[in-house]
Amino acid sequence: MRVMVIGSGGREHALAWKIAQSRLVSDVICVPGNGGMEGDYECLKADISDLPSLADIAASHRIDLVVVGPEAPLVEGIADVFWEKGIAVFGPSKQAAILEGSKYFAKELMMQNNIPTGRAKMFDSYGDAKQYIESLEPPIVVKADGLAAGKGVTVAQTRDEALKALEKCMAEKVFGASGDRVLVEEFLSGEEVSILTLSDGKNVVHMVPSQDHKRAYDGDAGPNTGGMGAYSPVPALTEEMEKDIQSRIMEATINAMAIRGNPYTGVLYGGLILTDEGLKVLEFNVRFGDPEAQAVLPRLESDLLEALIMGVEGRLAECRLSWSPRFCVCVVVASGGYPEIYETGFPISGLKAASSDSNVLIFHAGTKREDGKIFTAGGRVLNVVGLGSDFEEARGIAYEAVKMINFEGMHYRTDIGYRALLALQE
Ligand code: GLY
């Protein structure tokens, strides 16, 4: 089977790596891939927002299954365009990808189906939203309705900050049409957890939980990023809580989509928070998490490709995933200045030494390959993953490997998994 992986981040490198281990795969072709993926798989340079051209490329390369990494092509309808050409895609239709494409839609669906989530009000008028924010006590969460490259959510500590976020969305239109509507939400605090659920529209299989670290700096300080590191399993989550998430949140959402005549096929990512009032949904995404996939897929013992095929063929009822009990810690190594202004083009050293330990995996993200050498090419550059028989061992292995890597301005958090350590000490 010839599989195409679309995207260029650490998540896509981890997906390609896991799919390449399948007994069913003959070739893995990545579009466009990154410096690391180019070393391991065939990579094709193409514009992943040009869906008809991408479908032509897939057809001419006789691709049997397409796995889509990022949300933007899914929300734009890549699955519909490819299926129309007879090319199978593991990912939701445009109509189902609205679960990530519109926070308004997702919130409404949750509210109508008693799926626990933060209280929110939706606005399509700037004046009404402003008036409402002026009546609230901070912290206040302001969310652009549509996709905003991970920048559409502001957790404002003051009313002024919330009003500025609103102005950016609805008056300055910095996110274009994505900011035509906003949600103003209550602030939720607690331990965050991410769940990835494979769905064929009716049947589901849940993956193991993981926890991301969204802030740029140690101690969860600084601006939000795409994710600075992740780990799995999550000691703060009990088995009972996990079952509850699976049935009351993930399965309830997938059932609600089916009842609306909008069945959800693909992976559904639940971004959840354990509040004093119980578990609540922060957001749904219609793809694997990044860097969650890099901490979850190394623990998967089953054949991922086989599960994805069952997903597109409506056979997930037959699927059982088995998981390694080992702990997995992923540290994201970023360019200095990320998520704001950063420079790229710096040579990266130490990759070979860092990956010499068989308990280390390195998934590339913002890298490029020139004359066999690897250079930085993005904000999040590398994902350094350590596997160990306990949490501290996995974390130690990941950080030992990180210390062998070097490039100008390199930045990483030194406290990935600190919450897990706290939970294990309790
Ligand atoms: N790690 C957050 C995300 O994938 O959206």
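Preceding this section is the structure that the text describes.
Predicted model, so just to flag it, every value in this text is computed and none were measured.

What counts and how
- Residues numbered from 1 in each chain as written.
- Predicted model: local features only at pLDDT ≥ 70, side-chain atom pairs only at ≥ 80, totals over all residues.
- Heavy atoms only, no water.
- Pairing = 2+ DSSP bridges.
- Helix = DSSP H or I, 4+ residues; strand = E, 2+ residues; numbered from the N terminus.
- Contact = heavy atoms within 4.5 Å.
- Axes fitted to C-alpha atoms, helices over the stretch in contact; angles between N-to-C directions.
- Core = buried A, V, L, I, M, F, W, Y, C linked by side-chain atoms within 4.5 Å.
- Buried < 20%, exposed > 50% of the residue type's maximum accessible area, 1.4 Å probe, protein only.
- Near = heavy atom within 4 Å.
- Polar contact = N/O pair within 3.5 Å; in protein donor to acceptor, adjacent residues only side chain to side chain.
- Areas by Shrake-Rupley, 256 points an atom, 1.4 Å probe, with all protein chains shown as cover.
- Phe/Tyr/Trp six-rings, centres within 6.5 Å; stacked < 30°, edge-to-face > 60°.
- Lys NZ or Arg CZ within 6 Å of the ring centre and 35° of its normal.

Caption draft 1: Focus on the sheet that holds strand 1 (residues 2-7). The sheet built from five strands is open, its strands ordered 3-2-1-4-5 with parallel pairing. Edge strands, defined here as strands with exactly one partner in the open sheet, are strand 3 (42-43) and strand 5 (88-90). The pairing of strand 4 (residues 65-68) with strand 5 spans three bridges and is classified as parallel. Residue pairing for strand 5: V67 is matched across the bridge by F90. Along the sheet, helix 1 (residues 10-19) makes contact with strand 1, strand 2 (27-32) and strand 4, crossing strand 1 at roughly 170°.

Caption draft 2: Quick peek at the nonpolar core. In this structure, V66, F82, L99 and I405 are the most contacted members of the largest nonpolar core, which totals 73 residues. When residues of this core are assigned to their parent elements, the largest contribution, seven residues, is made by helix 14 (residues 391-404). If we ignore the near neighbours within four places in the chain, the residues touching F82 are I6, L51, L54, A55, A58, V66, I87 and V89. Among the nonpolar cores identified, the runner-up in size contains 45 residues, and Y41, F288, A307 and C328 belong to it.

Caption draft 3: Highlighting the site of the ligand. Residues in contact with the ligand, as listed here, are D212, K214, G226, Y269, N285, R287, G289, D290, P291 and E292. Separating a nitrogen atom of the ligand from a backbone N or O atom of D290 is a distance of 2.9 Å. A distance of 2.8 Å separates a nitrogen atom of the ligand from a polar side-chain atom of E292. Protein burial of the ligand: of its 200 Å² of free accessible surface, 89% is covered by the chains.

Caption draft 4: A look at the packing of aromatic side chains. What the rule picks out here adds up to six aromatic pairs. Ring centres of W17 and F363 lie 5.4 Å apart, and the angle between their planes is 65°; this geometry places the pair in the edge-to-face category. Of this pair, W17 sits in helix 1 while F363 is found in strand 19 (residues 360-364), placing the two residues 346 residues apart along the sequence. Relative accessible area serves as the criterion here: at 21%, W17 is assigned to the partly exposed category. Note on F363: relative accessible area 2%, which makes it buried. Their ring planes at 75° and their centres at 6.1 Å tell us that F327 and F391 sit as a pair that is edge-to-face. Of this pair, F327 sits in strand 18 (residues 327-334) while F391 sits in helix 14; the two residues are 64 residues apart in sequence, bridging distant segments of the chain. Side by side, F327 and F391 carry an identical accessibility label, which is buried. The ring of Y132 has K121 sitting right over it, with the charged end atom 5.3 Å from the ring centre.

Caption draft 5: Just helix 1, in detail. For helix 1, the tally of buried residues reaches nine of 10 residues, placing the bulk of the element in the interior. Taken residue by residue, helix 1 has G10, R11, E12, H13, A14, L15, A16, K18 and I19 as its buried positions.

Caption draft 6: Up close: the side chain of S302. On the secondary structure map, S302 appears in the loop between helix 11 (292-296) and helix 12 (304-312). Engagement of the side chain of S302 in a polar contact is seen with the backbone nitrogen of S322, the distance being 2.6 Å. Those residues in contact with S302, other than ones at most four positions away along the chain, are K18, R320, L321 and S322.

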